[in-house]
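# Coordinate analysis (summary)
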Amino acid sequence: MRTKEDLAAEGLEQIGGDLRYAIGSFSEALAELGETGVAASLPWAVDTETEAEQTDGAIQALSMSFQLLNAVEENSAVHFRQGLEREFGVPSIRGSWGETFAKWAAAGISEGEMASLLPTISLRAVLTAHPTEAKRVTVLALHRELHQLLADKRDALTPIEEAMHREALKTLLERWWRTGEVYLEKPDIEAERNNVLHYLSHVFPRVLRASDERLKQSWLAMGFDPHALHEPESYPKLRFGSWVGGDRDGHPYVLAEVTRATLALHRSAALQLIHESLHRLAAQLSLSAISNPVPDALTNAIEAATRDLGPAADYAIRRNPNEPWRQFVNLLIARLDKTMQPDADGNDAAYASPDALAADLRVLRSSLLEIGGERIAEESLLPVERLVQCVGFHLAQLDIRQNSAFHDKAVCQILAASGFSDCAFDEWSEEKRLAFLNEELERNRPFLPSGTSCGPEADQVLACFRVIRETCDAHGVDPFGSLIVSMTRSLSDLLVVYLFAREVGLLDTPLQVIPLLETIGDLQTGHAILDAFLAHPVTQARRKNMSGAQVVMLGYSDSNKDGGILASRWNIYKAERELCAVGAQHGVPIRFFHGIGGTISRGGGKYHRFIDSMPRGSLAGEMELTVQGETIAQQFANLPTATYNMEMLLSGLARNSMPTVASETASEFPVEAMQKLTDLSFEQYRRLVGHPDFIRFYSGATTIDVLEHSKIGSRPARRTGHRTLGDLRAIPWVFSWNQSRFALTGWFGVGTALKRLRETSPRDFEALQAVADTWPLLRYTMIHVETRLLNANRDVMIAFSELVEDDNVRDEFMSMLLADHDEGLRQIADLFGAPAEVRRRSQLDNVRRRSAPLAHLHRMQLDHLTRWRAVEDKESPESARLLTRLLLLTNAIAGGLKSTG
């Protein structure tokens, strides 16, 4: 039997072979297009050491080469996992259902307990279109084709098939080459929405099916009861959400009409998905009444549907005589047709909700089981039932998000329009705000007649809430997720939303108002805010019409920007424990909504390790999380990778929610030592960003000015346009440091903190050292910090710092940064007992593989950045030419680093 080390070595060999094949095909395609100079300088080609030219074509070729490498590595990872499973069984995949079931069994958990837990698991994955996706939507479609071609290459091909495959790859690469990479025009919300809709309509339904199959086959591989997962109700609940068209925080273009159109598109896409699945089901249910007994319940259901549909039922009945199962599905299709295009005068035959369709499908399931058709029910019907359960008639729940400061302005305008003499709500103390809100919320009346204009912010907020009310009246609350208040600082920030809801008659609707705790301070006071919110009479009255948990959203990006990586992670961890305790005091379970992004600085990382790092007992079987920007494509564009990531999420959530496991008392982790370390790290981080010259250094030593001119998202890089740290969005903040290879958002402060802790409190350092491999939070965080330290590049950092004009400012900051970088690598190596060169070979191979072509791109980037900044007239053709080149370089470097922001 091969060892895991053998499989890993084979994986490295495979990466090399596949990369040579892909780059060789690309080189041939370029040469055939007359781009011989570019073709000759591609990286990783056999016997090629030629440095690329400084042309747009050369930059695009490097960018495409990096993305070919990324695809090759991803397919190699898929192949490695397949090899592990073949050689060592389903439990060998870290974080998988197989591992989870094996761990449970070893802990003495019965098969019945496992089966009982699965349907209590609930995950909502929320897609966002933050400006992290530097690749065009069209290019993402080409990437999907590329993944499939690389996967096909694994099959044993004949010489003719090999030639055909190479030609197909070259054709794809030519199409990609001719398409281009960078957004030359800023994408609008419609383009971003279409991209998200593609995943929701075409990718995630396939992921749902494959994920369910992985769960079932892992269950069977353990020798468990094959009948336990025959029904859709036996599986974990999976839902999707979206922010595109609902997220207004700092986005001036998300108006009420955009939200209305988005909701309509969601509904249309969901109904179309179900319509297509029912047609496929009808084609498969050709069971004959002549050779199969027809259950009375099915006959009765056909008769009832025929009466309800009237003439519309005739075709469904006549089309398939003696095939009652197919006839019934055709009747369901006819009823869904009326749901999709309701009659002007209304029609009782249309489905009022997806629950009604699910009830019809249960009748179908019962009829199949009655005649012994378990396999048909499981293979043909179950996927349809799961689809209806997952997407309903709304496809994805749209969250409505706005910033608390924007809400404050809206209240000021409403008060002014209503004749209040003191309308400066945004300047009132919290006590005064609460007194006013409590008094107002006791009254069931609006401030103003409907349609009264109050001011830009108020009109936008109230128009949005009216769209919510219209949709709830027509289709219920299912199309919506939550009403999210960004930068929640106090109880009044949440109660303000009740005021808006009351203004449009929405207060009695079971839509949750949820806090988004983003800064370190807000995370630390979040439990007090939640306590007051849950105790408030309006919240308690509204919860009588709600079921389930209170959602609390945690912000990884802004907490990182506010306090650094360690303070962010530790304060989120503590907040989870404190918030759960508050929920328990009120008898209300808490469901956490994790606002994570793709990079480590914004909560990214392997999903199963992310879940394992959470406090014991904080999950309770439910979780929501964002899948942001570029992460959507990285995690879910390729079906095998998407299925793996969904399995990691669902199995990880289940593994950490089993009551007999989650309730265990964890070994006494050194929380006091962790707090001391965090305090030291926070102090060092704030010394950096609080320095009076920090913005000068940051503006000179990073590409933030280029990113502010980029065309990679419809949302502005800053909330109000001012160049301050507080106004800058977390995404371009991370992106700009990554581009200049500092990557400090993922490590700064940690090295110095570890050194100081070791010097001032060696016992605390030793306490952390003792649990570095056993405390999931500490290991997860420190491994991520080390990864960013390894991805940082001292030479590029120093080169970028030379762009800072003031020598004293440059020297002061670089001395601080380089010292912390060195200490980080040294101290983390000591924490884990071995240097990165011994423990992180795969990561270092990854870095080395990209080193030379990235170095060339950075030299070009620095040259063009210097020249662009020297052009005084930023509207001139020369400035535009240099900026376009810089955007090409930005995209290429992002591909090489496998991340933006």
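Figured I'd write up the structure that's included with this text. In this numbering scheme, every chain counts its residues from 1 along its sequence in written order. Per-residue local features are limited, in this predicted model, to residues with pLDDT of at least 70; the limit for side-chain atom pairs, both in listing and counting, is 80 or more; totals at the level of whole chains, interfaces and linings are taken over all residues. Processing note: side-chain calculations cover all non-hydrogen atoms of the structure and skip hydrogens and water entirely.

## Focus: the packing of aromatic side chains
Only Phe, Tyr and Trp rings are paired, with Trp represented by its six-membered ring, and only when their centres lie within 6.5 Å; those with planes under 30 degrees apart are stacked, over 60 edge-to-face, the remainder tilted. Enumeration over the complete set of coordinates arrives at 35 aromatic pairs. The interplanar angle of 65° and the centroid separation of 6.3 Å between the aromatic rings of Phe26 and Trp177 together place this pair among those described as edge-to-face. Placement of the pair is Phe26 in helix α1 (residues 4–32) and Trp177 in helix α7 (residues 159–179), with a sequence separation of 151 residues. The pair formed by Phe26 and Trp177 is uniform in burial state, with each residue classed as buried. Centroid distance Phe697 to Phe813: 4.8 Å. Interplanar angle 15°. Geometry classified as stacked. With Phe697 in helix α28 (residues 694–701) and Phe813 in helix α35 (residues 807–832), this residue pair connects regions lying 116 residues apart in the sequence. Phe813 matches Phe697 in its accessibility class, with the two residues each being buried. Grouping aromatic residues by their ring pairs yields a cluster made of Phe694, Phe697, Tyr698, Trp733, Trp737, Phe742 and Phe813. For Arg81, the ring lying beneath its charged end belongs to Tyr644, and the centroid distance is 3.7 Å. Helix and strand assignments follow DSSP, with helices taken as H or I runs no shorter than four residues and strands as E runs no shorter than two, numbered in order from the N terminus. The classification of residues rests on relative accessible area computed with a 1.4 Å probe and restricted to protein chains. Under 20% of the type maximum is buried, over 50% is exposed, and intermediate values are partly exposed. Any Lys NZ or Arg CZ that is within 6 Å of a ring centre and within 35 degrees of that ring's normal is treated as a charge sitting over the ring.

## A short note on the pattern of salt bridges
By definition, a salt bridge exists where a carboxyl oxygen of Asp or Glu is found within 4 Å of a side-chain nitrogen of Lys or Arg. Under the defined criterion, the tally for this structure stands at 65 salt bridges. Lys216 serves as the salt-bridge partner of Glu379, at 3.0 Å between the closest nitrogen and oxygen. With Glu379 in helix α14 (residues 374–391) and Lys216 in helix α8 (residues 189–221), the pair connects residues that are 163 residues apart, well separated along the chain. The partner of Arg433 in a salt bridge is Asp408, with the nearest N and O atoms 3.2 Å apart. Of the two residues, Arg433 is situated in helix α16 (residues 430–441) and Asp408 in helix α15 (residues 404–417); the sequence distance between them amounts to 25 residues. Assigned by exposure class, Arg433 and Asp408 land together as buried. Salt bridges linked by common partners bring Glu28, Glu32, Arg166, Glu167 and Lys170 together as one network.

## Brief notes about the sheet that holds strand β7 (residues 590–595)
Note on pairing: DSSP must find at least two bridges between two strands before they are called paired. Pairing within the closed barrel is parallel, and its eight strands lie in the order β1-β2-β3-β4-β5-β6-β7-β8. Neighbour-to-neighbour, the strand axes of the sheet open up by a mean angle of 25°, direction not taken into account. With two bridges joining them, strand β2 (residues 237–242) and strand β3 (residues 397–403) adopt parallel strand pairing. Counterpart to Gly241 in the pairing with β3 is Gln397. Packing against the sheet, helix α9 (residues 256–284) makes contact with β2, β3 and β4 (480–486), and its axis sits at approximately 160° to β3. Helix axes are fitted only over the stretch in contact, all axes being lines through C-alpha atoms; the angle between N-to-C directions runs from 0 to 180 degrees. The criterion used for residue contact is that any of the two residues' heavy atoms lie within 4.5 Å.

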